[in-house]
Amino acid sequence: MSTSLGAILREQYGVSRRDFLKFCSVLASSMAISPTFIPRIAEALEKTPRQSVIWLSFQECTGCTESLTRSNAPTLESLILEQISLDYHHTLQAAAGDAAERARDLAMKANQGKYLLIVDGSVPMGNSGYSTIAGISNVDALREVASGASAIIAVGTCAAFGGLPHANPNPTGAVSVSEIITDKPIINISGCPPIPVVITGVIAHLITFGVLPELDKLGRPLSFYGQNIHDRCYRRPFYEKGLFAEDFDDAGAKKGWCLYKLGCKGPVTYNACATLKWNDGVSFPIEAGHGCIGCSEPNFWDAGGFYRPLAVPTEGVAQLTQMAFAAGGALGIAAGVLNAKKRDHAIAERETVSIDDLKRKG
Amino acid sequence: MNEVAFLAWVRGIGFQIALGIFIVGMVVRWLEIFLLGKKHDYSAPKGSAVQGAIHTIFSRSIPEKSTWQRSRVQIVTGYVFHVGLLLIILFLTPHITLFREFLGFGWAGLPNSVVDLIAVITMFALLVALVRRLQDPVLRFISTFQDYLVWTVTFLPLLTGYMAYHHLGFSYPTILGLHILSVEILLVLFPFTKLMHAITLFIARGFNGATAGHKGVQA
Ligand code: SF4
Ligand code: SF4
């Protein structure tokens, strides 16, 4: 059996050369790579032996795996995913129990220093018993597998930044991959869940160029996370004109006006949703009528309510306002009484001056 | 602290601290002024104190002829940036959203491009005012540290707001956070500096007008 990815796509899945090149050009454009590189991407994908991948899932909801594998079957993205040598993925692999763990050991030994580690989910640092696989705590598994990996891809906001488990009050002491592993290149593909083509794009980039794509300061590939949702949003003209939906079913919402007042976090979110879109390019949340919740940014769960507009404080201030008025009132009256006393005192202390006094001085 | 956490802080705890200090400060200053009271005037009234007060509150907004002839630039820039600030604060949609949060009701905003233009004009007027203050020997002599402080904390929200709108310099969460922070600094300083004139101006005019009105003379 041929082992290169291109051969598998062609022979086993009947993907035509034309479709394959089309896919390569989509990858290239989504990563903002010059079209002149398309043949190179195609060649690398076709010739490179299957990349060994170990996928570790920690505190996660499997939404990320769902997004990547079941988005719309069977796309070329999912084929790529399936046809990398996914040597260990406890949701997708057939083997279970000891056999599964043995497969992981084998893959690690066979590809020492060369395999790619993909992680979804955050790592609990509170009690190692919070999350274990085959009796091994998440942090131990991560350290062990990371030590032999060439690079790590943290898929989803949980692995990239801590995500939902890390949200206040963070009962398990959840942390991101980059808080534990500091000596390996880490690519954060954030999003809850991330866009499928972003992960295949990053894998293709690694295979083609053998180096990490350019990353932003949060470790995310710039080609996907360099764009601001608000800057690319098709509702932006309404924002500029001051036309806002006030409610999810009012006339403005039906006319597709801007969702800023309904809590859209597009202005503070960097992701490719507005351009790549979801479900094979069908639409994205804002197009479906819901504001962006900012899922690709760290701590987005704790960044104020999803439905509170960016311009308003994250929490109601009615009580605080009342208390401040009461405190100000009490202090003000106290100050007023003191001032009045001071004035009365000053009046009482005044020395009277008579004409005689003045005459004497003059 | 990453930028999202920073933005969450200025929208959360930071805002609460600033608002708390602002309200307490304003109420204290206001009560202090009113509790000082006004000496009762036993003379027979020759006119209405209330009418005099109302008249003066408005009439003082119109520059006197001789003052106008002496310092046109100052008066015009002063008007431009005060009116500009008011328009921006009250008619930018995100600001109205904030007011609605407090008041329970909102009003129609101006299109962003219009507010954007007003912001540029307002910043320009403020800069002219600063240059004048620095160039005029008398003005410079009577200027204190507080004058420059107050100018800065007024200018910064405009500048950061403008930068946030145009995505200049920083990432949007950072610059939006800085904008909110600059307003919080303004709120904290407001009751304890000359910025308080926004309120005391009316009290002072009212008192003067009432005294004059009682005496039946023009203030
Ligand atoms: S990032 Fe979101 S979708 Fe992915 S595992 Fe965490 S909670 Fe689930
Ligand atoms: S819907 Fe959201 S992202 Fe789109 S223009 Fe409005 S605020 Fe910006």
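What you see is a predicted model; the values in this text were computed from it and never measured.

## Considerations on the overall build of chain A
Inference 1: Each helix and strand counted, chain A has 17 helices and nine strands in total.
Inference 2: Compactness check: chain A gives a C-alpha radius of gyration of 30 Å against a globular reference of 21 Å for 362 residues, more than 25% above the reference.
Inference 3: Dimensions of chain A, computed from C-alpha atoms along their principal axes, come out at roughly 125 × 50 × 45 Å.
Inference 4: Residue pairs at least 24 apart in sequence account for 75% of intrachain contacts in chain A once pairs closer than 6 positions are excluded.
Inference 5: Here chain A has roughly 17000 Å² of accessible surface; of this, 56% comes from carbon and sulfur atoms.
Inference 6: Charge centroids of chain A, computed over 33 positive and 35 negative side chains, lie 6 Å from each other.

## A word on the pattern of salt bridges
Residue and element names in this part refer to chain A.
Inference 1: Inspection of every chain in the model, using the stated rule, returns 13 salt bridges over all chains.
Inference 2: Put simply, R104 and E144 hold a salt bridge, and the shortest N to O gap is 3.5 Å. Within this pair, whereas R104 is found in helix α6 (residues 97-110), its partner E144 is found in helix α7 (residues 138-147), the two being separated by 40 residues in sequence.
Inference 3: Among the residues examined, E144 registers a relative accessible area of 35% and is labelled partly exposed.

## Looking at the sheet that holds strand β7 (residues 149-155) of chain A
The strands making up a sheet associate through backbone hydrogen bonding, with each pair oriented either parallel or antiparallel.
Residue and element names in this part refer to chain A.
Inference 1: The strand order β2-β1-β3-β7-β9 describes an open sheet built from five strands, whose pairing is parallel. Of all the strands in the sheet, just β2 (85-89) and β9 (186-189) have a single pairing partner and so form its edges. The average angle at which neighbouring strand axes cross in this sheet is 20°, direction not considered.
Inference 2: The sheet contact formed by strand β3 (residues 115-120) and β7 spans six bridges and is parallel. The residue bridging L116 from the neighbouring strand is A151, located in β7.
Inference 3: Along the sheet face, α7 touches β1 (52-57), β3 and β7 and points at about 155° away from the line of β3.

## Thoughts on the interface of chain B and chain A
Inference 1: In this assembly, 36 residues from chain B lie in contact with 46 residues from chain A.
Inference 2: Buried area between chain B and chain A, summed over both chains or domains, comes out near 3500 Å², and the portion from carbon and sulfur atoms is 63%.
Inference 3: There are three salt bridges connecting chain B and chain A.
Inference 4: When the shortest N-O distance is used, the salt bridge between R100 of chain B and E246 of chain A registers 3.5 Å.
Inference 5: Connecting chain B to chain A are 15 residue pairs in polar contact (both at pLDDT 80 or more).

## Some remarks on the confidence of the model for chain A
Inference 1: Summary statistics for chain A give a mean pLDDT of 86 and a share of 94% for residues scoring 70 or more.
Inference 2: The element-level mean pLDDT for chain A is lowest in helix α5 (residues 76-83) of chain A, coming to 59, with helix α8 (residues 156-161) of chain A highest at 97.

## A closer look at the site of ligand 1
Residues and elements named next belong to chain A.
Inference 1: Near ligand 1, the surroundings consist of E60, C61, G63, C64, G156, T157, C158, G191, C192 and P193.
Inference 2: Only α4 (63-69) and α8 provide two or more residues apiece to the shell around ligand 1.
Inference 3: When residues of the shell around ligand 1 are assigned to their parent elements, the largest contribution, three residues, is made by α8.

## Details of the packing of aromatic side chains
In this description, a pair of aromatic rings is defined by centroid distance and the angle of the planes.
All names here are of chain A.
Inference 1: For the structure on display, the rule yields 15 aromatic pairs over all chains.
Inference 2: Here the aromatic rings of Y234 and F284 are separated by 6.3 Å at their centres, their planes lie at 70°, and the arrangement is edge-to-face. With Y234 in the loop between α12 (229-232) and α13 (236-241) and F284 in the loop between α15 (273-276) and α16 (318-349), the pair connects residues that are 50 residues apart, well separated along the chain.
Inference 3: Accessibility expressed as a relative area gives 4% for F284, which makes it buried.
Inference 4: Through pairs of rings, three or more aromatic residues link up here, namely Y239, F244 and Y260.

## Considerations on the site of ligand 2
Inference 1: All residues adjacent to ligand 2 are H230, C233, R235, R236, Y239, C258, L259, Y260, C264, G266, P267 and I286 of chain A.
Inference 2: Tallied by class, residues from the shell around ligand 2 come to eight nonpolar, two polar and two charged.

## Section: the domain arrangement of chain A
All names here are of chain A.
Inference 1: Annotation of chain A at the domain level lists domain 1 (5-224), domain 2 (230-302) and domain 3 (317-357).
Inference 2: Between domain 1 and domain 2, the contact holds 22 residues from the first and 17 residues from the second.
Inference 3: Of the roughly 1500 Å² buried at the junction of domain 1 and domain 2 (both faces included), carbon and sulfur atoms supply 64%.
Inference 4: Linking domain 1 to domain 2 there are one salt bridge.
Inference 5: Here E297 ties to R220 by a salt bridge, and the two come within 3.1 Å at their closest N and O atoms.
Inference 6: At the junction of domain 1 with domain 2, the criterion picks out six residue pairs in polar contact (both at pLDDT 80 or more).
Inference 7: Considering only residue class, the side of domain 1 that touches domain 2 consists of 12 nonpolar, nine polar and one charged.

## Here's the deal with unusual backbone geometry
Note on backbone geometry: most residues besides glycine have negative phi, and most peptide bonds are trans.
Inference 1: At the junction of N168 of chain A and P169 of chain A, the peptide bond is cis and its omega measures out at 10° in the coordinates.
Inference 2: Inspection of the secondary structure puts P169 of chain A in the loop between α9 (163-166) and β8 (174-175).
Inference 3: Here the amide bond leading from C192 of chain A into P193 of chain A is cis, since omega sits at 0°, within 30 degrees of zero.
Inference 4: Among the structural elements, P193 of chain A can be located in the loop between β9 and α10 (196-209).
Inference 5: Even without being glycine, H167 of chain B reaches a positive phi, approximately 55°.
Inference 6: Within the secondary structure, H167 of chain B sits in the loop between α9 (145-166) and α10 (172-189).

Conventions and cut-offs
Residues numbered from 1 in each chain as written. Chains lettered and ligands numbered in written order. Predicted model: local features only at pLDDT ≥ 70, side-chain atom pairs only at ≥ 80, totals over all residues. Heavy atoms only, no water. Helix = DSSP H or I, 4+ residues; strand = E, 2+ residues; numbered from the N terminus. Rg over C-alpha atoms; globule rule 2.2 N^0.38 Å. Contact = heavy atoms within 4.5 Å. Areas by Shrake-Rupley, 256 points an atom, 1.4 Å probe, with all protein chains shown as cover. Lys, Arg positive; Asp, Glu negative; His and termini not counted. Charge placed at Lys NZ, Arg CZ, Asp CG, Glu CD. Salt bridge = Lys/Arg side-chain N within 4 Å of Asp/Glu carboxyl O. Buried < 20%, exposed > 50% of the residue type's maximum accessible area, 1.4 Å probe, protein only. Pairing = 2+ DSSP bridges. Axes fitted to C-alpha atoms, helices over the stretch in contact; angles between N-to-C directions. Buried area = accessible area lost by both parts, 1.4 Å probe. Polar contact = N/O pair within 3.5 Å; in protein donor to acceptor, adjacent residues only side chain to side chain. pLDDT = per-residue confidence, 0-100. Near = heavy atom within 4 Å. Phe/Tyr/Trp six-rings, centres within 6.5 Å; stacked < 30°, edge-to-face > 60°. Nonpolar A, V, L, I, M, F, W, Y, C, P; charged D, E, K, R; others polar. Domains from an automatic or database assignment.

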